[in-house]
Every structure is written in C-alpha cells, then in structure tokens.
Amino acid sequence: MPRVTRATRITGLLASVLIVVGAAAACGSSDSPSDEAGSGSGSGSGKAPASSAFPVTIPNKYGSTTIKSEPKRVVTVGLTDQDAVLALGTVPVGTTEWIGGYKGAVGPWAQDKLGSAAAPTVLKDTGTGPQVEKIAALKPDLILALYSGLTKAQYDTLSKFAPVVAQPKEFNDYGIPWQQQTQTIGKALGRSGEAAKLVEGVEAKFAEAKKAHPEFAGSTAVMATPYEGTFVYGSQDARSRLLSDLGLKLPADLDKVIGDQFGANISKERTDLLDQGVAVWIVPDTTGAVAKLHKDKLYADLKVVKEGREVFVQETGDYGNAVSLSTVLSIPYVLDRLVPQLAAAVDGDPATKVEQPAS
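Residues numbered from 1 in each chain as written. Predicted model: local features only at pLDDT ≥ 70, side-chain atom pairs only at ≥ 80, totals over all residues. Heavy atoms only, no water.

## Describing the packing of aromatic side chains
What counts, and what does not: Each Phe, Tyr or Trp ring (for Trp, its six-membered ring) is paired with any other whose centre lies within 6.5 Å, and the angle between the two planes then decides the class: stacked below 30 degrees, edge-to-face above 60, tilted in between. Each helix is a run of H or I in the DSSP string that is no shorter than four residues. Each strand is a run of E no shorter than two, and both are numbered from the N terminus. Each residue's exposure class comes from its accessible area (1.4 Å probe, protein chains only) as a fraction of the maximum for that residue type: buried when under 20%, exposed when over 50%, partly exposed otherwise. A ring is scored as having a charge over it whenever the NZ atom of a lysine or the CZ atom of an arginine sits within 6 Å of its centre and within 35 degrees of its normal.
With the rule as written, the count across this model stands at 11 aromatic pairs. A ring pair is formed by Tyr 174 and Phe 262, whose centres lie 6.2 Å apart and whose planes are at 70°; its orientation type is edge-to-face. In this pair, Tyr 174 sits in the loop between strand 8 (164-166) and helix 6 (178-189) while Phe 262 sits in the loop between helix 9 (254-258) and strand 11 (263-266), placing the two residues 88 residues apart along the sequence. Residue classification places Tyr 174 among the buried residues on the basis of a relative accessible area of 1%. Relative accessible area serves as the criterion here: at 2%, Phe 262 is assigned to the buried category. Each residue in the set Trp 98, Tyr 147, Tyr 174, Tyr 227, Phe 231, Tyr 233 and Phe 262 is aromatic and connected to the rest through ring pairs, giving one cluster. Looking at Arg 337, its charged tip hangs above the ring of Tyr 333, at a distance of 3.7 Å from the centre.

## Regarding the nonpolar core
Using the following cut-off: Put simply, a nonpolar core is a bunch of buried Ala, Val, Leu, Ile, Met, Phe, Trp, Tyr and Cys residues held in one set by side-chain atoms that sit within 4.5 Å of each other. We call two residues in contact whenever any of their non-hydrogen atoms come within 4.5 Å of each other.
Counting residues in hydrophobic clusters, the biggest one holds 70 residues, and the most contacted among them are Leu 246, Val 278, Val 311 and Leu 342. Once residues within four sequence positions are removed from consideration, Val 311 is found in contact with Val 278, Ala 279, Val 280, Trp 281, Leu 338, Gln 341, Leu 342, Ala 345 and Val 354. Listed in part, the 20 residues of the second largest apolar core include Val 222, Leu 274, Ala 289 and Leu 293.

## Quick look at the pattern of salt bridges
Cut-off, in case you're wondering: One speaks of a salt bridge when a side-chain nitrogen belonging to Lys or Arg is within 4 Å of a carboxyl oxygen belonging to Asp or Glu.
Taken as a whole and judged by the stated rule, the model has nine salt bridges. With its nearest N and O atoms 2.9 Å apart, the salt bridge here joins Arg 309 to Glu 307. Take Glu 307: its relative accessible area is 33%, and that puts it in the partly exposed class. One salt-bridge network, in which partners are shared between bridges, spans Asp 253, Arg 270 and Asp 272.

## Section: helix 8 (residues 238-245)
Taken across its eight residues, helix 8 has seven buried, putting it largely inside the fold. Considered for burial, the residues of helix 8 that qualify are Ala 238, Arg 239, Ser 240, Arg 241, Leu 242, Leu 243 and Asp 245.

## Details of the sheet that holds strand 11
Whether parallel or antiparallel, the strands of a sheet pair through hydrogen bonds between backbone atoms. Formally: Two strands form a pair only when DSSP identifies at least two bridges running between them. For every element, the axis is a line fit to its C-alpha atoms; helices are fit only across the contacting stretch, and the angle between N-to-C directions ranges from 0 to 180 degrees.
Taken in spatial order, the five strands make up an open sheet running 11-10-9-12-13, and their pairing is mixed. Only two strands of the sheet have a single partner each, and these edge strands are strand 11 and strand 13 (310-314). On average, each strand axis in the sheet is inclined to that of its neighbour by 30°, with strand direction left out of account. Where strand 12 (residues 278-283) meets strand 13, five bridges bridge the pair, whose relative direction is parallel.

## Here we look at the pairing of strand 2 (residues 56-60)
Only one face of strand 2 is covered, namely the one carrying Val 56, Ile 58 and Asn 60; the face carrying Thr 57 and Pro 59 has none of its residues buried. Where strand 2 and strand 3 (residues 63-67) come together, five bridges link them in antiparallel fashion. Bridge assignment links Asn 60 to a residue of strand 3, and that residue is Gly 63. The antiparallel hairpin formed by strand 2 and strand 3 contains two residues in its connecting segment.

## Regarding the pairing of strand 10 (residues 230-233)
Neither face of strand 10 is exposed, since Thr 230 and Val 232 on one face and Phe 231 and Tyr 233 on the opposite face are all buried. Two strands pair when backbone bridges link them, and strand 9 (residues 221-225) and strand 10 are joined in this way by two bridges, in the antiparallel orientation. Within strand 10, the residue paired with Ala 224 across the bridge is Val 232. Where strand 9 hands over to strand 10, the hairpin turn is made up of four residues, of which Glu 228 adopts a positive phi near 50°. Here four bridges tie strand 10 to strand 11, and the two strands are oriented antiparallel to one another.

Structural data, given as structure tokens:
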C-alpha cells in the first residue's frame, strides 16, 4: 500500500466528520480471504471465549447491538480497531486503512499478534463511506466501527450483513478512549477479562511514567499539526489523550475553540493556545517543517518556542503513526519515545535539547 500523507489523512477524517461519512473502499483482489485470517488463531491470547459470554448486547450511538455467538470473521471499519482485536487473539478478516504503509493495516507494534496468520484484506478510506459490497464479500459475522464517524444510514446498511458495533454516543465521532475501545471489543469477542488485563497493563505504564516525572502534573500541553495553518487536536482526540493520561493538563478553553470535533484549525488570533508548558507537533519532517513553523512571527515569539519547550514527532514514521493510532498495542511503543521528549521539554531549562528517538 502506498503511504498516505498527513494532508490526505486529515482531509479524509475531516470529510468523514463534516459530511458525516465513514471509511472504506476496497483495494486489492475481490476474492474471499483465506479462512486462516479471522480464525482466532493469531499469536495473541489464543483463548476461546467462554460460551457463557454470549449473547451480549452493546450500546452504541444508534441504539444497541446484540452478538449471539462467538465472532469468527471480524471486519474493522473503525480506523484503529484492529489493534485491540489482534491484542485479544483474533485476526480480522478485513481492516480499514488509515495511515497506510503496513500490510494488512497492521503496524510493527502489532506484528507479533498477527504471527503466521494471513494478513487481513485492507479496505481504504476514501471519504465516501464503507464500500458495502467489499465488506459483504468478506462474509463478516461482526463489524466493528468504534473509532469511526459511521452514520445512521451506514450503520443500518451494514447491519443487514452482520452485527455492527458503532461508535459510542457519549463521545465525539473518532473520540472513543483507547481504554473503552479495548474493553468494548473485548466484550464483543467474549474476552472481557483479557481486555481488562490489557488495559491495566498499559495504564500501569502511564502510572510508571507519571511517577518518574511528577513535573508533568505541573505542566500544560497541547497537540497540533501544521495542516492548512495550525490544526489543534481536542481533548477527546486520542493524541491529546496521550498527554492528559500522562498527567499533563490540556488548555482550559481547548474544547471551546475546537467544538465537538476531534480537532480544528485555529485562527491566527488564537495562536496563544499553543503557548503551553509544552507544544507537541506532528510534522511532515523534523527539519524543514520546523523551520517553516518558526518563520511565523506570531508563533516564534511565544515563550514555548523561546524556551525550547517543543516536541516534534515525524508523522510518516512508525513513531508518528503509532502516536496517531494510540491503541492498546501502539501506546507502549509511543511512551518509550514520547516520555523522554516531554521530560526534556518541560524541565525548565531552555538549554536542554529535545532529542529525536533513535528509531
């Protein structure tokens, strides 16, 4: 799969939110995938769900969905849902590509969970909604759309082929926390206990980082990207949640500026929103893009720049991709790289260089 640029990714997501459409158009062969994918025989837990776990009913934005028996052929329409499925020992028969560049839409942080199983068939996000025929051809018995902007019409259409677990109503579209995403998928697969343990394990890593860096609790932070000016992520976006889960405080008026979306472009007049204890930027590269940012006098004059409290994450690498996904599998990979950068940025010494991760 060709790698998708930042602009394409954000444009696709904005289109999904603004015109309220989901994701998925087919790529590759229309032949049915082998039964190996989706058999639940990936190198994850490998434990069969207890029969007593079913039937199970899961609420969503459009009502509720009942899953009568253990799913064996799972399709993920949600753009990051595949990681939790893999972590719980099931290989999806179909995944939806968002960031591109990975076979089966499975990143390096999740490869060991795929093991020797066949890679899932990849559906592409074109901003026109799920391609029903392609999904139907995969013969799913469960469709997951938790990290999505699925519409009611799309939900109703897909529900004709299989139970659909859509995004929860209590969060913005694309706003489900990774914890709830993992736990909901665990419930849908009959593996609630295993999902709880996965969440506990990752939360322990956050707790360890916060204990090692109490200074995080005394700092504010914001996550942004230089897309068509300055695009800032809201408090319900997974990237911003990385910061708040580490104990950093998001700007008090962030959501007032962003609205009920995962993020939004801010005006020049609100450049002050970036003047926090640390500004984390997802950038096309860590040289030219940074130099361009610093040519903006309004931004360059902020204390966060003058005092060297910026963190730059290259969006096209594995690190940047893992930050954008922010799943139960990608977060440990991120924390190993992001925490040292944040610590260097908020240490109060402008001379401290914020190093780029070695890989």
